[in-house]
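Coordinate inspection notes
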Amino acid sequence: MVDTHWWARGHYAIIKNLIKDYLIQKNKSNVKCLDVGCSSGNISGFLQQFGKVYSFDMIFDSLHDCFKKNCSVLQADAMKMPFKDGTFDVLTLLDVSEHVDNDYVLFAEVYRVCKSSAIIFVNVPAHKILWGSHDIWNNHKRRYTGNNFKKLVKYCNLKIARLTYLHPHLFLPLLLLRLPGRIGGKRVAKRHDFFSLGEFLDNILFQTLTTEYKLVKNINFAFGTSLFACLIKP
């Protein structure tokens, strides 16, 4: 359900295109890639065009589909990655940081396993005001702003090559969806937002994300529902 939902399809299509554009621009090929929190292997399979891909996730049940994508897959904890220092040229950390108790420890591990000049792609949910039942259902610990993300990256000695919000057109609808559940100190229910509005509306919403890529490939958005970053290890 999650992988086929209009938001998931559009969201990860944008991220794949941004990653591909950057790696092609930097002439990256035959590199060693790590997909942290690989889940079903959507990103792992995509990264294979750039080199050898290693993938891991903490939840074993998530790895079944990833095994089929000819990646080196294992079950592991992102807080203690089972790799030597300076191993990877490219690392993806997509919608992972918000799940861990200490994101500073996580980014220190990212720094450790990457080679000098490695490229790191990160995506996280944005803005605490958008906190809602979907975050609880996903076991999120936090949502980010550009400022607190910059503080995290600076502390871990990583450099920002690009930082942009994603999905600005979804900010207000998502706020209106989630804010009423918190008014008056109500306890937020634990449920996801992956519901369908019907095939017609779902397709229209997916197309808005397709159009969004044409914009975000050239400009950085000042607000949105997610935050995407390209980082470099000096």
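Residues numbered from 1 in each chain as written. Predicted model: local features only at pLDDT ≥ 70, side-chain atom pairs only at ≥ 80, totals over all residues. Heavy atoms only, no water.

1. Some points on the side chain of threonine 92
Residue placement: threonine 92 occurs in strand β4 (residues 88-94). Assessed through its relative accessible area of 0%, threonine 92 is described here as buried. For threonine 92, the residues in contact, after removing those within four places along its chain, are Ile19, Leu34, Asp35, Val36, Ile43, Leu47 and Phe121. (Helix = DSSP H or I, 4+ residues; strand = E, 2+ residues; numbered from the N terminus. Buried < 20%, exposed > 50% of the residue type's maximum accessible area, 1.4 Å probe, protein only. Contact = heavy atoms within 4.5 Å.)

2. So, the state of the cysteines
Taken as a whole and assessed by the stated rule, the structure comprises zero disulfides. Not part of a disulfide, cysteine 230 finds its nearest cysteine sulfur in cysteine 114, a span of 11 Å. (Disulfide = S-S within 2.5 Å.)

3. Description of the nonpolar core
By size, the foremost hydrophobic cluster in this structure holds 68 residues, and its most contacted members are Phe107 and Phe149. Excluding residues that lie within four positions of it along the chain, phenylalanine 107 makes contacts with Leu93, Ser97, Val122, Phe149, Leu152, Cys156, Leu158 and Leu231. (Core = buried A, V, L, I, M, F, W, Y, C linked by side-chain atoms within 4.5 Å.)

4. Comments concerning the pattern of salt bridges
Within the structure shown, the criterion is met by seven salt bridges. The shortest N-O distance in the salt bridge between aspartate 85 and arginine 112 comes to 2.8 Å. With aspartate 85 in the loop between β3 (72-75) and β4 and arginine 112 in helix α4 (residues 103-113), the pair connects residues that are 27 residues apart, well separated along the chain. Take aspartate 85: its relative accessible area is 56%, and that puts it in the exposed class. In this structure arginine 112 comes out as partly exposed when scored by relative accessible area, which is 22%. Linking glutamate 109 and arginine 112 is a salt bridge whose minimum nitrogen-to-oxygen distance equals 2.8 Å. Pair noted here: glutamate 109 and arginine 112 are both in helix α4, with a separation of three residues, about one helical turn. Through salt bridges with shared partners, one network takes in Asp85, Glu109 and Arg112. (Salt bridge = Lys/Arg side-chain N within 4 Å of Asp/Glu carboxyl O.)

5. As for the sheet that holds strand β7 (residues 226-232)
Pairing is mixed across the open sheet formed by seven strands, whose spatial order is β3-β2-β1-β4-β5-β7-β6. In this open sheet, the two strands that pair with only one neighbour each are β3 and β6 (159-166). Each adjacent strand pair in this sheet contributes to an overall mean axis angle of 15°, direction not counted. Looking at chain direction, strand β2 (residues 51-57) and β3 are connected through four bridges and run parallel. Pairing of phenylalanine 56 across the sheet is with leucine 74, part of β3. Where helix α6 (residues 146-155) meets the sheet, its contacts fall on β5 (114-125), β6 and β7, and the angle it forms with β6 comes to roughly 155°. (Pairing = 2+ DSSP bridges. Axes fitted to C-alpha atoms, helices over the stretch in contact; angles between N-to-C directions.)

6. Some words on the environment of lysine 26
Of note, lysine 26 is situated in the loop between α1 (6-25) and β1 (31-36). When its relative accessible area of 40% is taken as the criterion, lysine 26 is described as partly exposed. Through-space distance from the C-alpha of lysine 26 to that of phenylalanine 121 is 14 Å; in sequence the pair is 95 residues apart.

7. Focus: the packing of α1 against helix α8 (residues 199-216)
Axis separation between α1 and α8 bottoms out at 9 Å; the angle between their running directions is 15°. Here α1 lies roughly parallel to α8, going by the angle between them. Along this stretch, α1 crosses α8, giving a crossing that reads as right-handed. Residues Trp6, Trp7, Arg9, Gly10, His11, Ile14, Asn17, Leu18 and Asp21 of α1 pack against Asp202, Asn203, Leu205, Phe206, Leu209, Glu212, Tyr213 and Val216 of α8. (Parallel < 35°, antiparallel > 145°, perpendicular 65-115°, else oblique. Left-handed = near helix turned anticlockwise from the far one by under 90°.)

8. Describing α1
It helps to recall that an α-helix has 3.6 residues per turn; residues three or four apart then point in one direction. Under the 1.5 Å per step criterion, the end-to-end length of α1 is 29 Å for 20 residues, consistent within 8% with the ideal 28 Å. Looking only at α1, the buried set comprises Trp6, Trp7, Ala8, Gly10, His11, Tyr12, Ile14, Ile15, Leu18, Ile19, Tyr22 and Leu23. On the buried face of α1, the contacting elements are α2 (42-47), β4, β5, β6, α8 and β7. Positive backbone phi, approximately 55°, marks asparagine 27, located one or two places after α1. (Expected span 1.5 Å × (residues − 1).)

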